[in-house]
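Chains, contacts and geometry: an overview
The residues making up each chain are set out below.
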Amino acid sequence: RLIRTELLVQEVAQADTEMQTEYAICYCKNRADSAMVIRVRKALAAAKPELLLDSSYFVPWLLPGKARLFTPVHYTERPAVAAAKLCEGKLVILVNGSPSALVLPALFSEQFECLDDYASTAMFSSFLRVLKYFSFYLTVFLPGVFVCVAVHLPELLPPQLLYKIEAAEKATPLPLFAEMLLVILLLEIIREAGLRMPQSLGHSVSLVSALIIGDAAIATGLMSTPVIFVASITAIAVFVTPGLYEPATLLRIGTVLLAGLAGPVGLAAAFFGFLLSLVSTEALGVPYLAPHPFPQQPLSED
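Okay, so let's go over this structure. What you see is a predicted model, and the numbers here were worked out from it, not measured in a lab.

**Some details on the overall build of the protein**
Summing up its helical and strand segments, the protein has ten helices and seven strands in all. Taking all 302 residues of the protein together, 42% fall into the buried category. The long-range share in the protein, meaning contacts at least 24 apart out of those at least 6 apart in sequence, stands at 67%. Of the roughly 16600 Å² of accessible surface on the protein, 65% is carried by carbon and sulfur atoms.

The following block contains the structure:
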């Protein structure tokens, strides 16, 4: 209904499952790459999931092979977003009975975009875009940088801040990086508990439990105030880019471990590992860091 043109193609087929669930490949034939369409069509025809309840069940056949931190696909339940991606040359996969549409290939830069940006001025939208990038790198590297500087490079801190951190750490029995890991894991447990609770209670339970646990941990001397403050900032910043929540959480934990165990060398290794995971990710021949979704060279049809 949003794309009223003869150029919109919807190829409907039945999945190779016992229930013969229908799915559709949607694309604009004047914008989508024909080789990419053929490749997706063959991958879905060869897919044999035991049960097809959502478009995400096709991902192992669309992106086979190695384990990856970043998944170059995007999910949306907003028709306007799916229509915009179709006009950009993307492919949209729909499954009968599922409200979620799979969009591929997805790019890293698209995780920081929002359809609502077009309702604002260019200056303010650019400011929000920069803020989202800053929030993502903050949530990934801030705990690791804090642990690395406080433990291995304390001379970089101002004396007033260093004295406060040292006084807070003397009252706790755990090393600094162990405290940081414990706080991050506790915040993840609280988040999961809030998601699994009924919607009317989830937000209240998360807020109350975070306040009670944080206050009790400081009062009993198990955790220090600077550690809880840094972990809380990163836990809030990750929600600015919800599409990158899973890789950001894993990268944050890995960065804290490497920075706590190996100091600046571990922090540098975490940063280069982050870059390696980004540059090694691709979908249908399109790099995850590409500036646009179209392949740089024609794809083969096999």
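Next comes the rest of the account.
**Overview of the packing of helix α9 (residues 245-262) against helix α10 (residues 264-279)**
For the pair α9 and α10, interaxial distance at closest approach is 6 Å and the crossing angle is 150°. One finds that α9 runs roughly antiparallel with respect to α10. Side by side, α9 and α10 meet where Leu251, Thr255, Leu258, Ala259 and Ala262 of the first sit next to Pro264, Val265, Gly266, Leu267, Ala270 and Phe274 of the second. Class assignment of the residues belonging to the contact of α9 with α10 gives a composition of nine nonpolar, two polar and no charged.

**Focus on the environment of Ala24**
With respect to the secondary-structure elements, Ala24 resides in strand β2 (residues 22-28). The class for Ala24 is buried, based on a relative accessible area of 9%. In the structure, Ala24 is positioned 14 residues away from Gln10 in sequence and 6.0 Å away in space, judged by C-alpha atoms. If sequence neighbours within four positions are ignored, Ala24 has contacts with Glu11, Val12, Val92, Ile93 and Leu94.

**Here's the deal with the layout of surface pockets**
Counted as a void, the largest pocket has a volume near 990 Å³. Looking at the largest pocket, it is lined by 32 residues, and the ones nearest its centre are His74, Tyr75, Glu110, Gln111 and Gly243. Elements with a contribution of two residues or more to the lining of the largest pocket: β3 (74-76), α3 (79-87) and α9. Grouping the constituent residues of the lining of the largest pocket by class yields 17 nonpolar, seven polar and eight charged.

**Section: the sheet that holds strand β1 (residues 8-14)**
Pairing within the open sheet is antiparallel, and its five strands lie in the order β1-β2-β4-β5-β3. With partners counted over all chains shown, the strands left at the sheet margins are β1 and β3, one partner each. The mean inter-strand angle of the sheet, taken between neighbouring strand axes irrespective of direction, is 25°. Both strand β4 (residues 91-95) and strand β5 (residues 101-104) contribute to a ladder of three bridges, which runs antiparallel. Counterpart to Leu91 in the pairing with β5 is Leu104. Relative to the sheet, helix α1 (residues 34-46) contacts β1, β2, β4 and β5, its axis offset from that of β2 by approximately 175°.

Conventions we followed
- Residues numbered from 1 in each chain as written.
- Predicted model: local features only at pLDDT ≥ 70, side-chain atom pairs only at ≥ 80, totals over all residues.
- Heavy atoms only, no water.
- Helix = DSSP H or I, 4+ residues; strand = E, 2+ residues; numbered from the N terminus.
- Buried < 20%, exposed > 50% of the residue type's maximum accessible area, 1.4 Å probe, protein only.
- Contact = heavy atoms within 4.5 Å.
- Areas by Shrake-Rupley, 256 points an atom, 1.4 Å probe, with all protein chains shown as cover.
- Axes fitted to C-alpha atoms, helices over the stretch in contact; angles between N-to-C directions.
- Parallel < 35°, antiparallel > 145°, perpendicular 65-115°, else oblique.
- Nonpolar A, V, L, I, M, F, W, Y, C, P; charged D, E, K, R; others polar.
- 1 Å grid on protein atoms, 1.4 Å probe; cavity = no way out; pocket = protein on both sides within 12 Å on 5 of 7 lines; lining within 4 Å.
- Points joined across faces, edges and corners; volume = space filled by probe spheres on them.
- Pairing = 2+ DSSP bridges.

Treat this as a map of the structure, not an account of what it does.
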